[in-house]
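# Breakdown of the fold
In case you want the letters, here they are:
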Amino acid sequence: MAVLMLTLLLTEKTPSVTIWEYRGGHRGALLRPQLVPGSVYRGRTRGGAQRFGTSRGPADETPVRMAADAESKLRLVHRHVRPFPDFPKKGILFRDICPILKDPAALTAVIDLFEEHVRKNHQQVDLIVGLDARGFLFGPLLAQRLGVGFVLVRKKGKLPGATVSVAYDLEYGTAKVEIQEDAVAPGQKVLLIDDLLATGGTLSAACELMRKQRAEVLGCVVVIELKELNGSDKLKPHSVFSLLQY
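This report concerns the structure included in the present document. (Residues numbered from 1 in each chain as written. Predicted model: local features only at pLDDT ≥ 70, side-chain atom pairs only at ≥ 80, totals over all residues. Heavy atoms only, no water.)

The biggest cluster of nonpolar side chains holds 29 residues, and the ones touching the most others in it are Ile 100, Val 110, Phe 114, Ile 128 and Phe 138. In this structure, Val 190, Ala 205, Cys 220 and Leu 235 belong to the second largest nonpolar core, which totals 25 residues. (Core = buried A, V, L, I, M, F, W, Y, C linked by side-chain atoms within 4.5 Å. Buried < 20%, exposed > 50% of the residue type's maximum accessible area, 1.4 Å probe, protein only.)

See below:
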């Protein structure tokens, strides 16, 4: 845990000293001290790097401001989802997330929103579990933010060593997903992540994998949810958090 000590340079005669703590070394886990609004602070990390800034007043941290910030990030993410009609076949409107990955600000906004949700609703998370394959794009970034590990759920035959698998239904036939046998320990609290929730088949199979491992599924998080396909019904009783709904 890195600790940053800040000396306040106030107009008052007696300066004060406070400490900011980072959990897991990430700015999003910052525990803010009660700084005097408008005061200037100067600090130095253990590594010797200096930090400078100005404290903000209570109004800057109000729920209204936080909600406005989240809404701004959602709009940014929404602008970077590109629709493609009749792909991969006629009658399907494909929602392309590639522009999100191409734009650093949009990708950061996605992870910011996921992180805010997790920290607010799940105080203890042991692992982020990502689904093949686009869950691998967002899952490691979120895990790193939270300071926890990341586990892959892959299609059958893609993982070495002993594995555990679950079959699920496709439109025509069945498929299997699997994890390595030692990837998740009994009792660990996990969050599942993917880019899209459609019919819910893959996420439901991943939840079943977690049950086989006797892990506790805290919920599922996705970038996009196609509400008309009712995929969240298949995942009950597990909760689903989605950034965008269509």
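Don't stop here, the text continues.
In this model, the second largest pocket occupies a volume close to 1200 Å³. Lining the second largest pocket we find 32 residues, and of these Leu 196, Ala 198, Thr 199, Leu 226 and Leu 229 sit closest to its centre. Breaking the lining of the second largest pocket down by element, the ones donating at least two residues are strand S6 (93-96), strand S9 (163-170), strand S11 (189-197) and helix H5 (201-212). It is S11 that contributes the most residues to the lining of the second largest pocket, four residues altogether. In terms of residue class, the lining of the second largest pocket is made up of 17 nonpolar, five polar and ten charged. (1 Å grid on protein atoms, 1.4 Å probe; cavity = no way out; pocket = protein on both sides within 12 Å on 5 of 7 lines; lining within 4 Å. Points joined across faces, edges and corners; volume = space filled by probe spheres on them. Helix = DSSP H or I, 4+ residues; strand = E, 2+ residues; numbered from the N terminus. Nonpolar A, V, L, I, M, F, W, Y, C, P; charged D, E, K, R; others polar.)

Counted according to the given criterion, the structure contains three aromatic pairs. Centre to centre, the rings of Phe 87 and Phe 94 are 5.2 Å apart; their planes meet at 85°, and the pair counts as edge-to-face. Since its relative accessible area comes to 23%, Phe 94 is described here as partly exposed. On the basis of an interplanar angle of 70° and a centroid distance of 6.4 Å, the ring pair of Phe 114 and Phe 241 is categorised as edge-to-face. Here Phe 114 is found in helix H3 (residues 104-121), whereas its partner Phe 241 is found in strand S13 (residues 240-245), with 127 residues between them in sequence. Note on Phe 241: relative accessible area 22%, which makes it partly exposed. If you follow Arg 95 out to its NZ or CZ, it ends over the ring of Tyr 246, 3.8 Å from the centre. (Phe/Tyr/Trp six-rings, centres within 6.5 Å; stacked < 30°, edge-to-face > 60°. Lys NZ or Arg CZ within 6 Å of the ring centre and 35° of its normal.)

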